[in-house]
Amino acid sequence: TGDAALSINGVPVPVWPNGAFMGWLPVPRDNAPRYDLLAANKTEKARLVLPIKIPPAPDTTNRQKLVGDTLQPVPLPDTLVPVPGNVFVTLGAPASTVNDTDRVTIARPAPGNGQEYKWFLFPGTVVKITGAQKASGDEFVRIELDSGQVAWVLRSELQAQNISPDSLRRFIGDSVAPIRRVGAVSLEPGPDWIDVVIPTTGPPPPYLVEETDRSISLLLYGVTEAPVVSMMPQPTDPYFNSVSSTPELTRVRYAINLNRAPYGYLALWQNGKLTFRVRRPPRIADAASPLRGLTITVDPGHPPAGATGPTGFYEGDGVLQVGLRVRDLLTQRGVNVVMTRTTPDPVDLGLRAIVSRRANAHAFVSIHLNAFPDGVNPFVNNGSLTLYFWPHSIPLAVATQAALLAELGLRDNGAKYQNIAVARGTWMP
Ligand SMILES: [Zn+2]
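To start, this report covers the structure provided alongside it. Everything numeric in this text was worked out from a predicted model, so none of it was measured. (Residues numbered from 1 in each chain as written. Predicted model: local features only at pLDDT ≥ 70, side-chain atom pairs only at ≥ 80, totals over all residues. Heavy atoms only, no water.)

## Let's talk about the sheet that holds strand β1 (residues 5–8)
Phase 1: Ordered by their spatial adjacency, 4 strands build an open sheet running β2-β1-β3-β4, and the pairing between neighbours is antiparallel. Across the chains shown, the open sheet's two edge strands, defined by having one partner strand only, are β2 (11–13) and β4 (45–51). The mean angle between the axes of side-by-side strands here comes to 25 degrees, regardless of whether they run parallel or antiparallel.
Phase 2: Across 4 bridges, the pairing between β1 and strand β3 (residues 34–40) is antiparallel. Counterpart to Ser-7 in the pairing with β3 is Leu-38. (Pairing = 2+ DSSP bridges. Helix = DSSP H or I, 4+ residues; strand = E, 2+ residues; numbered from the N terminus. Axes fitted to C-alpha atoms, helices over the stretch in contact; angles between N-to-C directions.)

## Observations concerning the environment of Glu-188
Phase 1: Structurally, Glu-188 can be placed in strand β12 (residues 186–189).
Phase 2: We classify Glu-188 as partly exposed; its relative accessible area is 43%.
Phase 3: The spacing of Glu-188 and Arg-277 is 89 residues in sequence and 9.3 Å in space, taken between C-alpha atoms.
Phase 4: Once residues within four sequence positions are removed from consideration, Glu-188 is found in contact with Trp-193, Ile-194, Asp-195 and Val-197. (Buried < 20%, exposed > 50% of the residue type's maximum accessible area, 1.4 Å probe, protein only. Contact = heavy atoms within 4.5 Å.)

## A short note on the pattern of salt bridges
Phase 1: Under the criterion given, the structure shown has 13 salt bridges.
Phase 2: Across the salt bridge formed by Arg-181 and Glu-225, the nearest N and O atoms sit 2.9 Å from each other. Placement of Arg-181 in the loop between β11 (149–154) and β12 and of Glu-225 in the loop between β15 (215–221) and β16 (230–231) is noted, with a sequence separation of 44 residues between them.
Phase 3: One salt bridge connects Asp-299 with Arg-352, and the closest N-O pair in it is separated by 2.7 Å. Note that Asp-299 is positioned in strand β21 (residues 295–300) and Arg-352 in helix α2 (residues 349–358), a separation of 53 residues in sequence. Note on accessibility: Asp-299 and Arg-352 belong to one class, buried.
Phase 4: In this structure, a network of salt bridges that share partners links the residues Asp-78, Glu-139, Arg-155 and Arg-169. (Salt bridge = Lys/Arg side-chain N within 4 Å of Asp/Glu carboxyl O.)

## Points about the sheet that holds β12
Phase 1: The 4 strands lie next to each other as β12-β13-β20-β19, forming an open sheet whose pairing is antiparallel. Since the sheet does not close on itself, it has two edges, and those belong to β12 and β19 (265–270), each with one partner. Looking at each pair of strands side by side, their axes are set apart by 20 degrees on average, direction ignored.
Phase 2: With 7 bridges connecting them, strand β13 (residues 193–199) and strand β20 (residues 273–279) associate as antiparallel partners. Bridge pairing links Trp-193 to Arg-279 in β20.

In structure tokens, the structure reads:
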């Protein structure tokens, strides 16, 4: 507990009310250096002696093998193994992602784990494979979304029948490109969203979604015969303004124009149709009680995994108590709260976004208590931080961060983009 005074090698070290302490002391110049900890209050004394292990100086004769804080090992770059000819493979291996009807294959502009997650492709998407390469310790394959755009996916995203049984870098697939023809687009406006329905022959097309402050762009790759589109659901719609298309030789780009910032969207492949579902912002029925009637998902982060503090305090335990308090506060304000967990039992990370999506929640909030790595002083580097993944989440992230700062008074670590897995599968801020 925090009621004892502590000294280490005779130097007084501050103790916080929860019993945490941190001292910055030199390593004693000694053959067998050690830290001698003495804790005492009015009635008790305790002593602990910790020998200090000093690692041997690194051998700098071979830089390829060095490991350390200042001398990083130089990984040997893997080279691209080209796949010649026409080999068309199918994405969305059942074992590689959480089992859900609208799970996706993530494609990136370059191989490796630090790359932007740019494309979210439907299971069953057929693409040409042009190469394989190892990066960040994982096997990646290079694909063509169409003749003008390459992307990279994990090899584990390929269907099993596309990987040669005798070589992990040989691939088996169709030699003929799939034919995908786009039909007449229709709009299906509803109270909570507007569906842009795009009928397509053949397997689902690769696609890219990009948001701006008043529009969403949907680009389909490797499609032909797309008709020119220009339509409005109804002239008086306060949110959805219009959709128009610009077909190119093997692509079509739909511009979905809105009267205000996008609130979220969901791309679905069902019955040979691409349904692009544009989420309407929630309607506020009572300005005096703006949350009344909304659905909000509260996600207490972890287990599995999570941080543990110096006193053994586990992140998963702390955020569950915070989450239950948030649930009660929201319920008092008339919110329909969806909890991703209410017990210490583990909940799969991928399932948390699915729970929120199936409830059609208006917002998804994941609560975490981050830790710093060893060697970083948490008494100096603490603060509040709000992370988002989708651009349409920025307004909620900025408002959440401002409220956290006002309530907790900690350092402002910002509202920032991060490639957070728990938020990628959501179609709400
Ligand atoms: Zn966490």
